[in-house]
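Per-entry structural report
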Amino acid sequence: MSAEVSSVVLGAGLMGRLLANTLAQLGHKVVVHEAQGPDAQGAAARVAAAMLAPLAESAITELPVVRMGQHGLKRWPELIAGLPAPVFFQQNGTLVLWHRQDAAEARRFTDILAQTQQQLPSLPAAQMLDASSLPVCEPALASRFNQALYLPDEAQLDNRQLLAALLASLEQQAVQMCWHSPRAPEDFQPGQKGQPDWVFDCRGLGARSEWPQLRGVRGEVIRLHAPEVTLQRPTRLIHPRYPIYIAPKQDHVFVIGATEIETEDLSPASVRSTLELLSAAYTVHSGFAEARILEVSTQARPTLADNLPAIRHLGERCLQINGLYRHGFLISPAMLDVVVEWVQHQTTTLATQFNLKLDHV
């Protein structure tokens, strides 16, 4: 790719940083415009558990997202390896737990995963654990649960370390970062004299003026420091109202979340949802009783009507990438590779593989 190619990326959340970093590596002269500052406070990616769990997520999403998640599991170690700062990445599987009263819901969940695995045999099958095998897999839960599902090969990373490392890489490559600089696609005429060759809109909910089908789905996340808890992998608790996850990060920090509320209200978390999340965590491990609450965060995730991601052409050289919903970290490498394939070849076989449409507006 010629070093003379110039690209503008709108938005410095997860997708914007990934794309800008890759384009710079390919030799593009890249300028990034972000409406807020470098700390990604306005990005949904900052308030996330960053679990990479295609089989677990198949219980609530469609096969194209699962396929993109498989692709992401392979790509994340490659993407992280080229960054100038360390990023926590763990591929130790996912554990799914349930209390006795939720056994019927657990059977339904298990059946869905089995169907997914039959449709995508390349996914490792879920393994049923009993009272003797569960403590071997997760010693911290010895005698607490009698059954569980183990989903091999699933992974997680540290979202905030990743965002910081991507920013360090962009700065290292002399990418021009324009903070507090909101821009829209109509501010540019790509391909014209004095204008960039490409424009990529990765603004999430900031793109609603051009993409009115976007909506926000609120999520609430609690970060804890729990020195007495030694969970070794992301753990999900089947719940009658919503699935709860506990993602262990480095230094006994845990990210706990579950709530999905059809609103863009970003006010502080409610007492009810906070109590439900913390109570559920305590039922998994009593060591959470002495944990310290580091942060309670809320954010709205950019979501389209079908809850699936999409790429649109606003013009021959202007692409919008959006609608990653709750699957941003899971599917962003696949979205990235589709966009890069299109930029390089003006066609993409990956989009067909992922059943991802490149719509023209």
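Preceding this section is the structure that the text describes.
Nothing here was measured: the structure is a model prediction, and the numbers come from that model.

What about the environment of Leu336?
- Structurally, Leu336 can be placed in helix H8 (residues 328-345).
- Classification of Leu336 as buried rests on a relative accessible area of 0%.
- In this structure, the C-alpha to C-alpha distance between Leu336 and Leu23, residues 313 residues apart in sequence, is 10.0 Å.
- What Leu336 contacts, discounting residues up to four positions off in sequence, is Met15, Leu18, Leu19, Thr22, Arg75 and Leu79.

Focus: the packing of aromatic side chains
- All chains considered together, the criterion is met by two aromatic pairs.
- Their ring planes at 10 degrees and their centres at 5.8 Å tell us that Trp198 and Phe200 sit as a pair that is stacked.
- For Phe200, a relative accessible area of 0% corresponds to the buried category.
- Geometrically, the ring pair formed by Phe254 and Phe288 is edge-to-face, given 5.3 Å between the ring centres and 85 degrees between the ring planes. Taken together, the residues Phe254 in strand S14 (residues 253-261) and Phe288 in the loop between helix H7 (271-284) and strand S15 (292-303) connect sequence positions 34 residues apart.
- The lysine or arginine in question, Arg312, covers the ring of Trp211, its NZ or CZ lying 4.1 Å from the ring centre.

Comments concerning the sheet that holds strand S1 (residues 6-10)
- Strand order across the open sheet formed by seven strands is S9-S2-S1-S10-S17-S16-S18, with mixed pairing between neighbours. Strand pairing shows two members of the sheet lacking a second neighbour, strand S9 (176-178) and strand S18 (358-360), which therefore form its edges. Recorded for the sheet is a direction-independent mean angle of 20 degrees between the axes of neighbouring strands.
- In the sheet, strand S16 (residues 310-315) pairs with strand S17 (residues 318-322) via five bridges, with the strands oriented antiparallel. Paired with Ala310 across the bridge in S17 is Asn322.

Notes on the side chain of Glu220
- Mapped onto the fold, Glu220 is located in strand S11 (residues 215-225).
- According to the relative accessible area criterion, Glu220 is buried, its value standing at 4%.
- In terms of polar contacts, Glu220 uses its side chain to reach the side chain of Arg218, at 2.8 Å.

Considerations on the sheet that holds strand S3 (residues 51-52)
- If you walk across this open sheet you meet the three strands as S3-S8-S4, and the pairing is antiparallel. The open sheet has two edge strands with one neighbour each: S3 and strand S4 (89-90).
- Relative to strand S8 (residues 155-157), S4 is paired through two bridges, and the arrangement is antiparallel. Looking across to S8, one finds that Gln90 is bridged to Gln156.

Quick look at the pattern of salt bridges
- In the structure shown here, the tally under the stated rule is 11 salt bridges.
- The partner of Arg160 in a salt bridge is Glu295, and the shortest N-O contact between them spans 2.6 Å. Taken together, the residues Arg160 in helix H6 (residues 159-172) and Glu295 in strand S15 connect sequence positions 135 residues apart.
- Ionic pairing is found between Glu276 and Arg272, a salt bridge with its closest N-O pair at 3.5 Å. Residue Glu276 and its partner Arg272 are both found in helix H7; the two are separated by four residues, about one turn of the helix.
- Arg272 sits in the exposed class, given a relative accessible area of 56%.
- Linked through salt bridges whose partners overlap, the residues forming this network are Glu57, Arg236 and Arg326.

Definitions and limits used
Residues numbered from 1 in each chain as written. Predicted model: local features only at pLDDT ≥ 70, side-chain atom pairs only at ≥ 80, totals over all residues. Heavy atoms only, no water. Helix = DSSP H or I, 4+ residues; strand = E, 2+ residues; numbered from the N terminus. Buried < 20%, exposed > 50% of the residue type's maximum accessible area, 1.4 Å probe, protein only. Contact = heavy atoms within 4.5 Å. Phe/Tyr/Trp six-rings, centres within 6.5 Å; stacked < 30°, edge-to-face > 60°. Lys NZ or Arg CZ within 6 Å of the ring centre and 35° of its normal. Pairing = 2+ DSSP bridges. Axes fitted to C-alpha atoms, helices over the stretch in contact; angles between N-to-C directions. Polar contact = N/O pair within 3.5 Å; in protein donor to acceptor, adjacent residues only side chain to side chain. Salt bridge = Lys/Arg side-chain N within 4 Å of Asp/Glu carboxyl O.

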